[in-house]
Amino acid sequence: MAFLGVYGVLACLKFRERFNLHNKLAVELRDQLVALHPGLEVRTAWSSAYGARRSKYRALFRVRLYALWVALHGGIALVGVMLSIFALAA
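Residues numbered from 1 in each chain as written. Predicted model: local features only at pLDDT ≥ 70, side-chain atom pairs only at ≥ 80, totals over all residues. Heavy atoms only, no water.

So, about the overall build of the protein chain. Regarding its fold elements, the protein chain presents four helices and zero strands. Taking 12 Å as the expected radius of gyration for a compact globule of 90 residues, we find that the protein chain reaches 20 Å, considerably beyond that expectation. With the C-alpha coordinates aligned to their principal axes, the bounding extent of the protein chain is approximately 70 × 25 × 10 Å. Out of the 90 residues in the protein chain, the part that is buried amounts to 12%. Within the protein chain, contacts between residues separated by at least 24 positions form 64% of all contacts whose residues are at least 6 apart in sequence. Accessible surface, the protein chain as shown: approximately 7500 Å² in total, 70% of it carbon and sulfur. (Helix = DSSP H or I, 4+ residues; strand = E, 2+ residues; numbered from the N terminus. Rg over C-alpha atoms; globule rule 2.2 N^0.38 Å. Buried < 20%, exposed > 50% of the residue type's maximum accessible area, 1.4 Å probe, protein only. Contact = heavy atoms within 4.5 Å. Areas by Shrake-Rupley, 256 points an atom, 1.4 Å probe, with all protein chains shown as cover.)

Structural data, given as structure tokens:
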């Protein structure tokens, strides 16, 4: 169980790394699109959607999804270690 928790933590961190890569690529592509077609107002649409989401979910907006997953899997690893110690002590 501890192994599964550690594996989950590592998988979440890897997914976060890949998300950052794809997000960076999306931002660069968006910037190129804005440079080619400034009349599309891509930045305005993005800012509007981002602001609406931020105001609607004030408390949850700051919570990062990957942090929740890392905490969950870290807890699983901790429970696995505790159960292993308990089983060895009994």
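So, about the packing of aromatic side chains. Scanning the entire structure with this criterion turns up two aromatic pairs. Centroid distance Trp46 to Tyr50: 4.9 Å. Interplanar angle 15°. Geometry classified as stacked. Here Tyr50 and Trp46 lie together in helix H2 (residues 42-56), a separation of four residues that amounts to about one turn. Classification of Trp46 as partly exposed rests on a relative accessible area of 45%. With a centroid separation of 5.3 Å and 80° between ring planes, the pair formed by Tyr50 and Phe61 is classed as edge-to-face. Here Phe61 lies in helix H3 (residues 58-61) and Tyr50 lies in helix H2, a separation of eleven residues in the sequence. (Phe/Tyr/Trp six-rings, centres within 6.5 Å; stacked < 30°, edge-to-face > 60°.)

The final tally for this structure, using the stated rule, is four salt bridges. With its nearest N and O atoms 3.8 Å apart, the salt bridge here joins Arg30 to Asp31. (Salt bridge = Lys/Arg side-chain N within 4 Å of Asp/Glu carboxyl O.)

Looking at where Arg30 falls in the secondary structure, it is placed in helix H1 (residues 2-36). If sequence neighbours within four positions are ignored, Arg30 has contacts with Val42, Arg43 and Trp46.

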